[in-house]
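Notes for the structure review
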Amino acid sequence: VGQERMIERLLLGLLADGHLLVEGLPGLAKTRAIKSLAHNLDARLSRIQFTPDLLPADITGSEIYYSDAGKGEFRFQEGPLFANLVLADEVNRSPAKVQAALLEAMEERQITVAGTTHKLPPLFLVMATQNPIEQEGTYPLPEAQMDRFLMHLKVGYPEVGAEAQIVRLARAEEAAAARAGASAARPPALLEQDQIFTARAEIHAVTVSESVEQYIVALVQATREPAAVDSEMAGWIQVGVSPRGSIGLDKVARAHAWLQGRDFVTPEDVQTVVGDVFRHRLILSYEAHAARVSADSVIERLLQKVAVA
């Protein structure tokens, strides 16, 4: 309730076959969103609470020694990463080794333990969350590794009307649980994974015209050579968007066009999703931080200065 943008971006990540980094304060339904998706999708959800004492084997799995009838052997015990939907809760609370294990699995779609490679499921989406407050004792993700996330979504407080709906919804759920009706409710008709793969095939066929393609490239190029676009913006950007950013913007724009019922991408599709695709890929300068210029402000200026081809 009141988080339509997060719901749409979660669906875009699922359709574009990419991972999401969601940043927001506690209690804004980040966990509930992916749980609701798993509840209506024929998919297995795994939740990992990242803590400072977590080890890489705790999420990837490890070799376990089994003994039967006097004979012993090592067998691989899958970790929580072997699921279709993975919620990596507060990913910045674990050390670099655990973060690296997660990011490697996200990129390679496989895990190697004891010299043996284990493939992850074909439908595999990681939604990692991080809290913008309480940074003491955390391990921030390096900027270069954040590039592996398709989108970085910021979630804010719901509006006043939505807040009242949230209270009523929580009250109704408590009443249903008290009546023991929640367990007796009929489960929803699950969306099969093959339907997701079919949708992805249709998205691959969405047309991107040469002018829109040039617009995507121009936006990316403007982050690398900002002086050619705007002199003030040149002092804000230290490192521009990588090629992963242009590929990601193309994928998400096609998925957005498909969700709108079109088989072609418009500049408006690109402008709608560019903030979430670029936000974590821009490394701002000291001058920008000193002037309290955010990545969102830079992207907004970018859209004003770069013309549609």
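See above for the structure.
Treat the numbers as computed from the prediction; the structure is a model and nothing was measured.

Observations concerning the overall build of the chain
Along the chain, the regular secondary structure elements total 13 helices and eleven strands. In terms of overall dimensions, the chain is globule-like: its C-alpha atoms have a radius of gyration of 21 Å, near the 19 Å expected for 309 residues. Each principal axis of the C-alpha distribution contributes one length, and for the chain these read about 75 × 50 × 45 Å. Taking the intrachain contacts of the chain between residues at least 6 apart in sequence as the baseline, contacts between residues at least 24 apart amount to 77%. Element-wise, carbon and sulfur atoms account for 53% of the exposed surface of the chain, whose accessible area totals about 16,100 Å². Taken together, the 30 basic and 40 acidic charged side chains of the chain have centroids lying 3 Å from each other.

A word on the sheet that holds strand β1 (residues 20-24)
If you trace the five strands from one edge of the open sheet to the other, you get β2-β5-β8-β1-β9, paired in parallel fashion. Each end of this open sheet is capped by a strand with a single partner; those strands are β2 (45-49) and β9 (151-155). When the angles between neighbouring strand axes are averaged without regard to direction, this sheet yields 20°. Of the strand pairs in this sheet, β1 and strand β8 (residues 125-130) are connected by four bridges, and their pairing is parallel. Bridge pairing links Glu23 to Gln130 in β8. Helix-sheet contacts for helix α2 (residues 30-40) involve β1, β2, β5 (85-89) and β8, and the interaxial angle to β5 is about 170°.

Description of the side chain of Asp276
Looking at the element boundaries, Asp276 is found in helix α11 (residues 267-278). Within the structure, Asp276 has its side chain in polar contact with the side chain of Arg5 (distance 3.0 Å). In terms of polar contacts, Asp276 uses its side chain to reach the side chain of Arg9, at 2.5 Å. Residues contacting Asp276, with those up to four places away along its chain left out, are Arg5, Arg9, Leu150, Met151, His152 and Leu153.

Considering the pairing of strand β6 (residues 110-113)
Here β6 shows one buried face, formed by Ile111 and Val113, and one open face, formed by Gln110 and Thr112. Strand direction decides the pairing type here: β6 and strand β7 (residues 116-119), joined by four bridges, are antiparallel. Residue pairing in the sheet places Thr112 in a bridge with Thr117 of β7. In textbook terms, the turn of a hairpin is the stretch between consecutive antiparallel strands, and for β6 and β7 this stretch comprises two residues, one of which, Ala114, has a positive phi near 55°.

Re the environment of Gly61
Following the sequence through the fold, Gly61 ends up in strand β3 (residues 61-68). Separated by 152 residues in the primary sequence, Gly61 and Glu213 place their C-alpha atoms 42 Å from one another.

Calculation rules
Residues numbered from 1 in each chain as written. Predicted model: local features only at pLDDT ≥ 70, side-chain atom pairs only at ≥ 80, totals over all residues. Heavy atoms only, no water. Helix = DSSP H or I, 4+ residues; strand = E, 2+ residues; numbered from the N terminus. Rg over C-alpha atoms; globule rule 2.2 N^0.38 Å. Contact = heavy atoms within 4.5 Å. Areas by Shrake-Rupley, 256 points an atom, 1.4 Å probe, with all protein chains shown as cover. Lys, Arg positive; Asp, Glu negative; His and termini not counted. Charge placed at Lys NZ, Arg CZ, Asp CG, Glu CD. Pairing = 2+ DSSP bridges. Axes fitted to C-alpha atoms, helices over the stretch in contact; angles between N-to-C directions. Polar contact = N/O pair within 3.5 Å; in protein donor to acceptor, adjacent residues only side chain to side chain. Buried < 20%, exposed > 50% of the residue type's maximum accessible area, 1.4 Å probe, protein only.

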